[in-house]
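Per-entry structural report
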Amino acid sequence: MSKFVKTDDEWKNLLDHESYRVTRQSGTERPYTGKYWDFKGQGNYKCICCGHELFQSDTKFDSGCGWPSFFLPKDENFINEFEDNSFGMKRIEVKCAKCDAHLGHVFPDGPAPTGLRYCINSVSLSFRDAQD
């Protein structure tokens, strides 16, 4: 997969302040505030930075954590995972494989069949309705 690369200034011009802070500076939006945490539409969730499809609505579930949660990415090659030991926690960070946008984290407390919970910031996503 070829990388989607932009300068920091280009990202700042492309994204709103909160999406820039989360995706380019590894921030986190407040729980229960994002556009997609309780969204029920049918379709595909894409990276807000590069438009790469990341998750499908049929893998989304209500985890009660306040962020959109998925038990499986659309394709495991579409995301990258990295050890994240920030803030005194040991977590696995999830980034878009195409543009390196910070998406959120993955935890081993999700439902079957994977047992995983991809906890993703709404501001790192856009949505394409299945009917489009």
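One structure accompanies this document, and this report is about it. Everything quoted here is computed from the prediction, not taken from an experiment.

1. Describing the sheet that holds strand β1 (residues 43–47)
Strand order across the open sheet formed by three strands is β2-β1-β9, with antiparallel pairing between neighbours. Two strands close off the open sheet at either side, each with one partner strand: β2 (53–56) and β9 (125–129). Going from strand to strand, the sheet's axes swing by 30° on average, the running direction of each strand aside. Pairing of β1 with β9, which is carried by five bridges, proceeds in the antiparallel orientation.

2. Remarks on the sheet that holds strand β6 (residues 91–96)
Across a sheet, paired strands are connected by hydrogen bonds in the backbone, their directions being either parallel or antiparallel. One open sheet accounts for six strands, arranged β3-β4-β8-β7-β6-β5; its pairing is antiparallel. Two strands bound the open sheet, and with one partner strand each, they are β3 (60–61) and β5 (79–84). With four bridges connecting them, β6 and strand β7 (residues 102–107) associate as antiparallel partners. Across the sheet, the residue bridging to E93 is H105, located in β7.

3. A few points about helix α2 (residues 17–25)
Side chains of residues three or four places apart in an α-helix project in the same direction, reflecting 3.6 residues per turn. Of all the positions in α2, only S19, Y20, V22 and T23 are classed as buried. Against α1 (8–14) and β7 lie the buried residues of α2. In this structure D16 caps α2, since a side-chain oxygen of it lies 3.2 Å from the backbone nitrogen of E18. Just past α2, the residue S26 takes up positive phi, approximately 55°.

4. Structural notes on the pairing of β5
Bridge analysis of β5 against β6 gives six bridges, and the strand direction is antiparallel. Following the sheet pairing, E81 is matched in β6 by V94. Hairpin remark: β5 followed by β6, antiparallel, with six residues in the connecting loop; positive phi at F87, about 55°.

5. Things to note about the packing of aromatic side chains
The final tally for this structure, using the stated rule, is 10 aromatic pairs. On the basis of an interplanar angle of 85° and a centroid distance of 4.9 Å, the ring pair of Y32 and W37 is categorised as edge-to-face. You can call W37 partly exposed: its relative accessible area is 29%. Centroid distance Y45 to F70: 5.0 Å. Interplanar angle 70°. Geometry classified as edge-to-face. Of this pair, Y45 sits in strand β1 while F70 sits in strand β4 (residues 69–70), and the two are 25 residues apart along the sequence. By relative accessible area, Y45 is classed as buried at 0%. Residue class for F70 comes out buried when judged on its relative accessible area of 0%. Within the aromatic cluster, the residues linked to one another by ring pairs are Y36, F39, Y45, F55, F70, Y118 and F127.

Here is what the cut-offs are and how they apply
Residues numbered from 1 in each chain as written. Predicted model: local features only at pLDDT ≥ 70, side-chain atom pairs only at ≥ 80, totals over all residues. Heavy atoms only, no water. Pairing = 2+ DSSP bridges. Helix = DSSP H or I, 4+ residues; strand = E, 2+ residues; numbered from the N terminus. Axes fitted to C-alpha atoms, helices over the stretch in contact; angles between N-to-C directions. Buried < 20%, exposed > 50% of the residue type's maximum accessible area, 1.4 Å probe, protein only. Contact = heavy atoms within 4.5 Å. Polar contact = N/O pair within 3.5 Å; in protein donor to acceptor, adjacent residues only side chain to side chain. Phe/Tyr/Trp six-rings, centres within 6.5 Å; stacked < 30°, edge-to-face > 60°.

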